[in-house]
Amino acid sequence: MIILGLDPSLSCTGWGVVRAEGSRIAHVANGQVPTDPKAPMAERLAMLHEALAEVIATHRPDRAAAEEIFVNKNPQSTLKLAQARGAVLATCGGAGLVVNEHAARLVKKSVVGTGGANKTQVQAMLKILLPGAMIAGADAADALAVAIADAHLAPKR
């Protein structure tokens, strides 16, 4: 089972691909899709779509997973996140992928063992779970965590 984990963001969307065979998880690839903050919104969303469509075509995941949306104190930030997330989910839907959604606390609990884990703890655990993987950055690390959590949490099909 090939799983594409996603950490949607307008500024930089992280993606991570893992192969899950029973309880074994192996790193396939990961990366980040930054967008130009000075570009028009439609162009930034198109950049996300094109880059993730290429990731999907290259790695041919069986399904995808993303964290459930959370609401920021700043409504503008929440709106931008929702737009980026919509572009990411539409790209997956257009490729025929089922997208499982998991709460951030549940992702952290699945990977680290506690829902209150911080980013440093998640990244440290990824080094243990995916030895030798070169992780592209914090957003890619979060996406890999989502993919790993999905391997454990999603219903077996």
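Before reading on, note that the structure itself is shown above.
On a predicted model such as this, the values are computed, not experimentally measured, just so you know. (Residues numbered from 1 in each chain as written. Predicted model: local features only at pLDDT ≥ 70, side-chain atom pairs only at ≥ 80, totals over all residues. Heavy atoms only, no water.)

## Details of helix α2 (residues 75-94)
And step 1. Here α2 is 20 residues long and its end C-alpha atoms lie 28 Å apart, about the 28 Å a rise of 1.5 Å per residue gives.
And step 2. Buried within α2 are the following residues: T78, L81, A84, R85, A87, V88, T91 and C92.
And step 3. Residues of α2 that are buried in the fold lie against β1 (2-7), β2 (12-21), α1 (41-59), β4 (63-67) and β5 (99-102).
And step 4. Following α2 by one or two positions, G96 has its phi on the positive side, about 80°. (Helix = DSSP H or I, 4+ residues; strand = E, 2+ residues; numbered from the N terminus. Expected span 1.5 Å × (residues − 1). Buried < 20%, exposed > 50% of the residue type's maximum accessible area, 1.4 Å probe, protein only. Contact = heavy atoms within 4.5 Å.)

## Comments concerning the pairing of strand β3 (residues 24-34)
And step 1. Of the strand pairs in this sheet, β2 and β3 are connected by 10 bridges, and their pairing is antiparallel. Each residue of the ladder has a partner; that of E21, found in β3, is R24.
And step 2. Connecting the antiparallel pair β2 and β3 is a turn made up of 2 residues, with G22 showing a positive phi of about 65°. (Pairing = 2+ DSSP bridges.)

## Focus on α1
And step 1. With 19 residues, α1 ought to run about 27 Å at 1.5 Å a step, and its terminal C-alpha atoms sit 27 Å apart, in line with that.
And step 2. All of the buried residues along α1 are R44, L45, L48, L52, V55 and I56. For α1, the arc enclosing every buried residue in end-on projection is 105°, short of the 170-degree limit, so these residues lie on one face. Exposed residues lying more than 90 degrees from the buried face of α1 are A42, E50, E54, A57 and T58.
And step 3. The positive-phi residue at the C-terminal boundary of α1 is R60, with phi of around 45°. (Arc of directions from axis to C-beta.)

## Quick look at the packing of helix α3 (residues 104-112) against helix α5 (residues 138-153)
And step 1. Viewed as axis vectors pointing N to C, α3 and α5 meet at an angle of 80°, and their least axial separation amounts to 9 Å. The angle between the axes of α3 and α5 places the two elements in the roughly perpendicular class. Note on element contacts: α5 touches α3 through A145, V146, I148, A149 and L153, opposite L106, V107, S110 and V111.
And step 2. Classifying every residue of the contact of α3 with α5 gives 8 nonpolar, 1 polar and no charged. (Axes fitted to C-alpha atoms, helices over the stretch in contact; angles between N-to-C directions. Parallel < 35°, antiparallel > 145°, perpendicular 65-115°, else oblique. Nonpolar A, V, L, I, M, F, W, Y, C, P; charged D, E, K, R; others polar.)

By themselves these figures say nothing about function.
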